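The lines below spell out each chain.
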Amino acid sequence: MRDPWWKSAVGYQVYPRSFCDSNGDGLGDIPGITARLDHLADLGIGVIWLSPVYRSPMADNGYDISDYQGIAPEFGTLADFDRLLAEAKARGIGIVMDLVVNHSSDEHDWFQSARQGRDAPYRDFYIWRDPAPDGGPPNDLQSFFGGPAWDYDAASGQYYFHLFHAKQPDLNWNNPALRQAVWQMMRWWLDRGVAGFRMDVIDLIGKDPDRGIAADGPKLFAHLAEMDAQVLAGRDVLTVGEAWSASLDNAGRYCGRDGALSMVFQFSHVTAGWDPVFGKWKARTRDLVGLKRVFNAWQIALADEGWNALFWSNHDLPRAVSKYGDDGPAWRVRSAKALATVLHLMKGTPWIYQGEEIGMTNTHVGRIEDVDDVEVHGQWPDMSARGLCEQDFLAGVNANGRDNARTPMQWSAAPGAGFTSATPWLALNPNHATINADADRADPDGVFAHYQRLVALRKTHPIIVHGHFVPLAEDDPNVWAYVRELDGQRLTMVANLTSDPVRFTLPEAGIVAGACLIHTRAPRTRLKGEIDLAPWEAVAVLGQA
Ligand code: NOJ
């Protein structure tokens, strides 16, 4: 059987609001993305994950959809979308849509109807419950954006359920009519020519709120099997489920032999770095050994069945180079390249988040009022009530908050960073004067050129796509090292992930001599014994096993 195309492709996430503004209103839009497609074609990516462009009141920047088959006017029209699709296709790039069906917007016609009363036709598209005997919420399930997951609807005297913002009511997946409506909508987009779906918080659709279960509910895999039978089967598409609760134990059920999906975005490497009490809101220093262990475990668990989605960042996470690298002037470029090397030579499909390919960094806010993200404003009262002081919370926001990834794409040193001619919807990172695509792409040793090489290597070297993965020196606190092997070949990757020089002793299983595939400092053609690695030096050598 031929390998699916997405195994050797590299994905790229576009967050439309912040990618490129074509009409001078300070907001990115679809024609802006089309105008910048050559940047992505030059990078060599095969597929774009397009964050939501649907009609939406934008309470959560488009993850609150009021019309699943309509485009938000601020982003353009359906004709603009079709043009983007065609222009991307002409460059060999597919578009994966964001499927946000755990919840809709409260401004969706379904919810507007459901709100009309207990007997309204679409009432059962959502989750309604009577108040608890004391009149309060039916139970104490909490929203991920802070506060109770239930909101009272005075008109009908019932509560509706929302795992995110109150403007994002959860859809009732137990209702077969709702599921049919979702299948119909998915078919409509696929028939239009999209390459697949990234499925927002898909691990929540099997929920059982009455038993206090949000993630990994009893019906989750039955719903996915039905989706497969009704929509996906027989179509050559890429499906990637966002599943914060996916574990080594159940990942195979999503993307193994009988799973409905191509791969899952799982977050163990992200949550491994969170505080046990305050989660991401309390900044912690990087634990490299812990991080390696998580990646290694996933590489091994999905070695023969299932497929990894590899990523450092997305629109909900901090910038890769700030979180895991060193974003100061001395090592920003080299550490961004080292991180890319480590991730892109693993087994799985790598995903680049916009701006990562030019080494964009976190931004900084001095006051909570200056944050755009709805999650921060919802969580601050909860965290404060649990005892986190404002200063610590702000440090957490600056380390891990979602605005970091959402500042506009830095294309040039121009006043609007080449993103807009107006005032951008979210403040530009002030470093755009020096960190931008024009400057980075002009440098043959820049971050972009390095990503280009990594993407190209995956296309030409089956060992990167299929090679058996063996971790090396798991307990080393400074160096990330592993081996890939295929058909008598060996690829050894060694990376110093610190800003200091280190001496590393390569275990025998990694010894290799041959060709240097890629490096961040200077080529090496042999890796053996004691190796002196410069700060953020990463190197990969391909030879005989
Ligand atoms: C996950 C999305 O990535 C995030 O941005 C959004 O806020 C929630 N799901 C709710 O849709």
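Position labels on residues start from 1 in each chain and follow its written sequence. Where totals are concerned, whole chains, interfaces and linings use all residues; where local detail is concerned, this predicted model gives features only for residues with pLDDT of at least 70, and gives and counts side-chain atom pairs only at 80 or more. Only hydrogens and water are removed before side-chain values are computed, so all heavy atoms of the structure are retained for them.

A short note on the nonpolar core
- By convention a nonpolar core is built from buried Ala, Val, Leu, Ile, Met, Phe, Trp, Tyr and Cys residues, the set being connected through side-chain atoms within 4.5 Å. The buried label goes to any residue with under 20% of its type's maximum accessible area, the exposed label to any with over 50%, and the partly exposed label to all in between, with areas taken from a 1.4 Å probe on protein chains only. The biggest cluster of nonpolar side chains holds 140 residues, and the ones touching the most others in it are L50, M97, M186, Y254, W312, W351 and W480.
- Secondary structure elements follow DSSP: runs of H or I no shorter than four residues count as helices, runs of E no shorter than two count as strands, and numbering proceeds from the N terminus. Among the elements that take part in this core, helix α5 (residues 176-192) stands out by supplying 8 residues, more than any other.
- Counting 14 residues, the second-largest nonpolar core is a separate cluster that includes V483, V494, L506 and L527.

Observations concerning the packing of helix α3 (residues 78-90) against α5
- Fitting a line to C-alpha atoms yields each axis, with helices limited to the stretch in contact; the angle taken between N-to-C directions then spans 0 to 180 degrees. Orientation of α3 relative to α5, taken along the N-to-C sense of each, is 55°, at an axis distance of 11 Å. Comparing the axis directions of α3 and α5 gives the class oblique. Where α3 approaches α5, its residues L78, F81, D82 and L85 are matched on the opposing element by W188, W189 and R192.
- Under the grouping applied here, Gly and all other residues not named as nonpolar or charged are polar, the nonpolar ones being Ala, Val, Leu, Ile, Met, Phe, Trp, Tyr, Cys and Pro and the charged ones Asp, Glu, Lys and Arg. Taken together, the residues of the contact of α3 with α5 sort by class into 5 nonpolar, no polar and 2 charged. Under this scheme an angle from 65 to 115 degrees is roughly perpendicular, one under 35 degrees roughly parallel, and one over 145 degrees roughly antiparallel; angles in between are oblique. By definition in these notes, contact holds between two residues if any of their heavy atoms fall within 4.5 Å.

Observations regarding the site of the ligand
- Taken together, the neighbourhood of the ligand is formed by 13 residues, with D60, H103, D200, H315 and D316 sitting nearest.
- Within the side chain of H315, an N or O atom sits 2.8 Å from an oxygen atom of the ligand.
- Exposure was quantified through the Shrake-Rupley algorithm and a 1.4 Å probe, taking into account, for residues, occlusion by the shown protein chains and nothing else. Relative to its free-state accessible area of 300 Å², the ligand is covered by the protein chains to the extent of 97%.
- In the shell around the ligand, the residues fall into 4 nonpolar, 2 polar and 7 charged. Any residue with a non-hydrogen atom lying within 4 Å of a molecule or strand is treated as near it. Polar contact is defined as a pair of N or O atoms within 3.5 Å, subject to the rule that within protein one atom must be able to donate a hydrogen and the other to accept it, and that residues adjacent in sequence are counted only when both atoms are side-chain atoms.

Observations concerning the packing of aromatic side chains
- Two rings from Phe, Tyr or Trp (for Trp, the six-membered ring) form a pair when their centres are within 6.5 Å of each other. A pair whose planes differ by under 30 degrees is stacked, one over 60 is edge-to-face, and the rest are tilted. In the structure shown here, the tally under the stated rule is 35 aromatic pairs.
- Their ring planes at 70° and their centres at 6.3 Å tell us that Y12 and F19 sit as a pair that is edge-to-face. Just as Y12 is buried, F19 falls in that class too.
- Note on W150 and F161: the rings are 4.8 Å apart at their centroids and 55° apart in plane angle, and the pair reads as tilted. Separated by 11 residues along the polypeptide, W150 in strand β7 (residues 150-153) and F161 in strand β8 (residues 158-161) bring together distant segments of the chain.
- Residue classification places W150 among the buried positions, given a relative accessible area of 3%.

Some remarks on the pairing of strand β21 (residues 538-544)
- Counting buried positions along β21 gives 6 out of 7 residues, so the element sits mostly inside the fold.
- One ladder, built from 7 bridges, connects strand β16 (residues 489-496) with β21; its direction is antiparallel. Looking across to β21, one finds that M493 is bridged to A540.
- Sheet topology note: the strand β18 (residues 512-519)/β21 ladder contains 5 bridges and is antiparallel. Following the sheet pairing, G514 is matched in β21 by G543. By this definition, two strands are paired if DSSP reports at least two bridges between them.

Digging into the side chain of N429
- The topology assignment puts N429 in the loop between α14 (403-406) and α15 (437-441).
- By relative accessible area, N429 is classed as buried at 4%.
- Separated by 3.3 Å, the side chain of N429 and the backbone oxygen of T361 make a polar contact.
- Beyond its immediate chain neighbours, meaning those up to four positions away, N429 contacts T361, N362, T363, T407 and Q410.

Overview of the pattern of salt bridges
- The term salt bridge refers to a pairing of a side-chain nitrogen on Lys or Arg with a carboxyl oxygen on Asp or Glu at a separation within 4 Å. Following the criterion strictly, the structure yields 33 salt bridges and no others.
- One salt bridge connects R198 with E242, and the closest N-O pair in it is separated by 3.2 Å. Highlighted residues: R198 in strand β9 (residues 196-199) and E242 in strand β10 (residues 238-242), separated in sequence by 44 residues.
- Owing to a relative accessible area of 0%, R198 belongs among the buried residues under this scheme.
- Salt-bridge contacts for E305 lead to R257; the nearest nitrogen and oxygen are separated by 3.7 Å. Pair noted here: E305 is in the loop between α9 (288-301) and β12 (309-311) and R257 is in the loop between α7 (251-255) and β11 (263-265), with a separation of 48 residues, a long-range link.
- A relative accessible area of 32% places E305 in the partly exposed class.
- Bridged by salt links that share partners, the residues D60, K280, D316, D373, E375, R402 and R406 form one connected network.

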